[in-house]
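Reading the structure
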Amino acid sequence: MTGPDRRSVKRLAIGGLVHETVTFLPQETELAAFEHRAVRGDEIAQAFAGSNTVYGGFLQVCQDNDIAVEGLLVAECAPSGPVAGAAFEAMADELVSRAVLWREEADGLLLHLHGAMVSRGDTDPEYSLLLRLRAILGDDYPIALAMDLHGNVAVEKAMLADVVCGFRRSPHTDMAETGERAAKLLLGKLAGEIKPVTAFARPGLVLPSIFTATEVSPLSDIMAEMRAETEQAGILDITIFTGFAYADVPAIGATVVAIADGDEALAIRTAERLSARLAEAREALYHTAPLYDPEAALHKAAELLADGVRPVVLLEHADRGNDSTHLLEAMLARGANLGRTAVPYLHDPIGATAATSSGVGSQLMLTLGGKSSELAGLPLLYTGYVKFAGPLRYKITGPYRNGETLDLGLSAVIDNGKIAVIVTSVSSSAVDTDPFTQCGLDIDEFDIIALRSKTHFRAAYEPIAGAILIVETPDWGPAELTTLPYRNAPPGVYPITMAPPNDSFEDVFDDGTNNAD
Ligand SMILES: [Zn+2]
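Check the secondary structure of the chain and you find 15 helices and 18 strands. For a compact globule of 517 residues, the expected C-alpha radius of gyration is about 24 Å, and the chain comes in at 23 Å, within 12% of that figure. Its C-alpha atoms put the chain at 75 × 50 × 45 Å along the principal axes. Out of the 517 residues belonging to the chain, those deemed buried represent 54%. Nonlocal contacts in the chain, meaning residues at least 24 apart in sequence, comprise 77% of its contacts between residues at least 6 apart.

Structure (structure tokens):
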């Protein structure tokens with residue numbers, strides 16, 4: 001085969017613009033949320049080398065192949081409401097202008113996008129970004145894309161990249177591996193070793209995030225089939241994207257991406273076979289575990305604790321703002337009839353600041369949570385002692401995003417003797433045991449641990465949890481998707497039904513001038 005070998009690749013550019021957008025949340029996500037964690041230029045290699053992140057994977061492949069790295073921009077923040085239009089434009093402008101600056105020196109671009117970013121006024125800003133990159137870098141410029149398993153991967157978006165790989169695991173413990181897969185495929189193509197051809201198939205369904213755990217059957221069975229298909233001769237890579245149910249966009253839904261070596265028919269057959277498997281399993285995929293309302297969950301937890309099963313992990317999974325109070329309200333109502341309970345990472349900057357001012361050892365009465373939307377529950381009057389207070393910044397030790405630095409700003413433990421609530425200034429979903437060790441709490445002391453995670457907690461908690469109960473609350477991220485007011489999702493995506501017209505919900509894509517309230 002002719003063409004340059006890998007040694008001719010001297011330098012690759014690395015960048016990422018990552019957000020999982022919940023279009024139903026009322027508050028826009030401003031630039032400051034991304035700037036809090038933004039990394040630029042040479043700092044990207046320093047920040048992510050050796051970490052279990054996509055960038056860690058990109059960097060590893062570059063290091064293994066003696067390829068220099070040019071860091072562009074990495075901007076990410078936790079899932080939240082639609083990205084403000086100006087915020088997205090500012091980040092896209094910077095990424096594009098940095099890419100142009102290095103166009104001659106860098107032999108290609110390794111890019112991380114989520115797949116479910118939405119900005120005010122644009123249902124697919126990632127597509128817009130890739131169009132801009134193609135317009136300015138050229139159609140032949142090599143671009144590899146690493147995306148999140150929860151991406152809504154529009155075919156026209158994915159086709160703008162030479163290579164598309166996504167996480168195959170949720171919890172996403174394979175982030176670095178995914179970065180490596182994408183980078184290796186691009187290198188192989190640049191060296192003329194392989195000729196990646198990509199096929200897409202869409203099964204016409206979207207999964208609630210709580211049912212996207214890839215080690216839970218029947219999704220685990222289909223993922224195993226995918227891995228077996230990846231081993232067949234001629235197949236280079238396969239990803240099953242489950243889609244993201246809380247971004248109401250035309251591209252909503254699952255996508256199977258199969259990459260074959262020069263054999264387009266094989267890629268199509270493989271993608272369609274796996275897509276058909278998903279479609280035929282859709283009922284079962286949608287009902288993998290029972291759902292409890294808060295009262296029922298606490299009742300069940302009490303039974304389990306009486307049988308010696310502990311700790312019981314409760315998932316207030318429908319909370320998309322990390323500040324819902326439905327479960328905490330039920331816990332407070334239960335009073336003394338509740339085991340020792342931890343509520344790690346309730347987003348409440350005012351509460352965290354007040355607790356820090358009040359100081360460790362002081363008693364404090366405050367209202368907690370319930371501020372992110374009208375479905376987040378009422379702010380709750382809560383009285384407790386401050387057990388820990390101050391800035392909370394640490395390197396993640398759990399399997400998910402291992403090695404990355406997490407900065408939660410001013411944070412505090414407020415403990416009423418029964419319930420220890422950890423409040424943070426930066427929204428983050430607790431997924432591992434770091435909240436306990438970082439705040440001086442002994443996890444073994446707790447009977448009940450109330451999380452807001454969907455699947456990522458499983459990597460750290462499955463080995464230690466006595467039981468896991470899914471708590472369904474009337475919030476913006478429910479398992480029961482038919483309760484949500486979809487407007488932009490196309491017909492035929494199971495199980496979504498279109499919202500009735502003239503309902504009272506604001507449409508995220510309005511320009512803001514004609515919103516009913
Ligand atoms: Zn994800």
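Having seen the model, we can carry on.
Taken N-terminus to C-terminus, the directions of helix H3 (residues 54-64) and helix H7 (residues 175-190) make an angle of 40°; their axes are 6 Å apart at the nearest point. The pairing of H3 with H7 is recorded here as oblique in orientation. Like other packed secondary-structure pairs, H3 and H7 cross with a definite hand, here right-handed. The segment H3 lies against H7, with Val54, Tyr55, Gly56, Gly57, Phe58, Gln60 and Val61 engaging Met175, Ala176, Glu177, Thr178, Gly179, Glu180, Ala183, Lys184 and Leu187. For the contact of H3 with H7, the per-class residue count stands at eight nonpolar, five polar and three charged.

Another point: helix H12 (residues 326-334). Among the residues making up H12, those that are buried are His326, Leu327, Leu328, Ala330 and Met331. One or two steps after H12, the chain reaches Gly335, where phi turns positive at roughly 55°.

Glancing now at the nonpolar core. In this structure, Ala144, Leu145 and Leu314 are the most contacted members of the largest nonpolar core, which totals 161 residues. Per-element accounting of this core gives the leading share, eight residues, to H7. If you count residues domain by domain, this core takes at least three from each of domain 1 (6-285) and domain 2 (294-471). Residues in contact with Leu314, not counting those within four places in the same chain, are Ala297, Ala301, Leu327, Ile448, Ala450, Leu469 and Val471.

This part takes up unusual backbone geometry. A cis amide bond, omega 10°, links Ser217 with the succeeding residue Pro218. With respect to the secondary-structure elements, Pro218 resides in the loop between strand E7 (196-201) and helix H8 (219-230). Omega for the peptide link from Arg310 to Pro311 comes to -10°, which places this bond in the cis form. When you line up the elements, Pro311 lands in the loop between helix H11 (294-306) and strand E11 (312-315). Despite not being glycine, Asp66 shows a phi value in the positive range, around 55°. Classification of Asp66 by C-beta neighbours within 10 Å gives exposed; the count is 10. Backbone geometry at Arg401 places phi at a positive 60°, although glycine is not the residue there.

Cut-offs applied
Residues numbered from 1 in each chain as written. Predicted model: local features only at pLDDT ≥ 70, side-chain atom pairs only at ≥ 80, totals over all residues. Helix = DSSP H or I, 4+ residues; strand = E, 2+ residues; numbered from the N terminus. Rg over C-alpha atoms; globule rule 2.2 N^0.38 Å. Buried ≥ 20, exposed ≤ 12 C-beta atoms within 10 Å, placed from the backbone. Contact = placed C-beta atoms within 7 Å. Axes fitted to C-alpha atoms, helices over the stretch in contact; angles between N-to-C directions. Parallel < 35°, antiparallel > 145°, perpendicular 65-115°, else oblique. Left-handed = near helix turned anticlockwise from the far one by under 90°. Nonpolar A, V, L, I, M, F, W, Y, C, P; charged D, E, K, R; others polar. Core = buried A, V, L, I, M, F, W, Y, C linked by C-beta atoms within 7 Å. Domains from an automatic or database assignment.

The quantities given are spatial measurements derived from coordinates; they are silent on function.
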